Amino acid sequence: MIAAPFDVVWEVIRPADTMEGSKKWDKSISSYSVVKILSDDLQIARVLTHTSVLGTVAAREFLDIFYTKTTKDVELNKDQVGVINWIVARSVKYPPAGGVSKGCVRGTNHPTGYAIYVLKSDPKQTVIEAFINTDIGGLLPQRIVELAVPVQQCKYLEGVAVEACTRWQMSSAPLSM
């Protein structure tokens, strides 16, 4: 749960057009680039992570297709408002994107995504539910994999929370003359 309004959180978490556009705040990745925009709600992007677990896990590269969707009038429980924004993704093979970046291992996102919604009881609280199904590839012991994926996702969601709260505070701060 993030202590910021839904619209602010959505602007932070939705797939960006460029790294500078809105992913520069994301410390969990080293690079984000759009390979192809297919429509307003569909794009192919390359995401590179940092090395992790004290350098024992090499940087990973994901080539994913991202789809965003808004569903309305959905009732999951009594405290959920009827709008849910979805980001769903999965890895793709897209030959025009070229091969794996130097120094990276190709990771695979199986169907994965986020559901973002607001609570009726507190419209300044936004919920993000993550559905992650990632194979980070390589020849790592399962124990290291089980550490690396959650650490990366926690860094990402912590970054979303910090950026959303910062933007919200800046937008609601009184202007000084």
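Residues numbered from 1 in each chain as written. Predicted model: local features only at pLDDT ≥ 70, side-chain atom pairs only at ≥ 80, totals over all residues. Heavy atoms only, no water.

Asks: Can you help me understand the state of the cysteines in this one?
Replies: Where two cysteines share a covalent bond between their sulfur atoms, that bond is called a disulfide. Per the stated rule, a full pass over the model turns up 0 disulfides. Sulfur of Cys 165: no disulfide; nearest cysteine sulfur belongs to Cys 154 and is 16 Å away. Accessibility expressed as a relative area gives 21% for Cys 165, which makes it partly exposed. (Disulfide = S-S within 2.5 Å. Buried < 20%, exposed > 50% of the residue type's maximum accessible area, 1.4 Å probe, protein only.)

Asks: It is not clear to me how the pattern of salt bridges should be interpreted in this structure. Could you clarify?
Replies: Any two side chains of opposite charge can pair, given that their charged atoms come close. Taken as a whole and assessed by the stated rule, the structure comprises 4 salt bridges. When the shortest N-O distance is used, the salt bridge between Glu 61 and Arg 106 registers 2.5 Å. On the criterion of sequence distance, the pair formed by Glu 61 in strand β3 (residues 60-71) and Arg 106 in strand β5 (residues 105-106) is long-range, its members being 45 residues apart. Given the relative accessible area of 30%, Arg 106 is considered partly exposed. The shortest N-O distance in the salt bridge between Glu 163 and Arg 167 comes to 2.8 Å. Of this pair, Glu 163 and Arg 167 both sit in helix α3 (residues 142-172), 4 residues apart, roughly one helical turn. For Glu 163, a relative accessible area of 19% translates into the label buried. Judged by its relative accessible area of 27%, Arg 167 is partly exposed. (Salt bridge = Lys/Arg side-chain N within 4 Å of Asp/Glu carboxyl O. Helix = DSSP H or I, 4+ residues; strand = E, 2+ residues; numbered from the N terminus.)

Asks: Hey, could you run me through the layout of surface pockets in this one?
Replies: Where empty space is left in the structure can be found by rolling a water-sized probe over the atoms. The space that makes up the largest pocket amounts to roughly 640 Å³. Lining the largest pocket are 37 residues, and of these Ile 29, Val 47, Thr 49, Gln 152 and Gln 153 lie nearest its centre. Secondary-structure elements contributing two or more residues to the lining of the largest pocket are β1 (29-39), β2 (42-49), β3, β4 (84-91), β7 (112-118) and α3. Looking at the lining of the largest pocket element by element, the count peaks at 7 residues for α3. Of the residues contributing to the lining of the largest pocket, the split by class is 19 nonpolar, 11 polar and 7 charged. (1 Å grid on protein atoms, 1.4 Å probe; cavity = no way out; pocket = protein on both sides within 12 Å on 5 of 7 lines; lining within 4 Å. Points joined across faces, edges and corners; volume = space filled by probe spheres on them. Nonpolar A, V, L, I, M, F, W, Y, C, P; charged D, E, K, R; others polar.)

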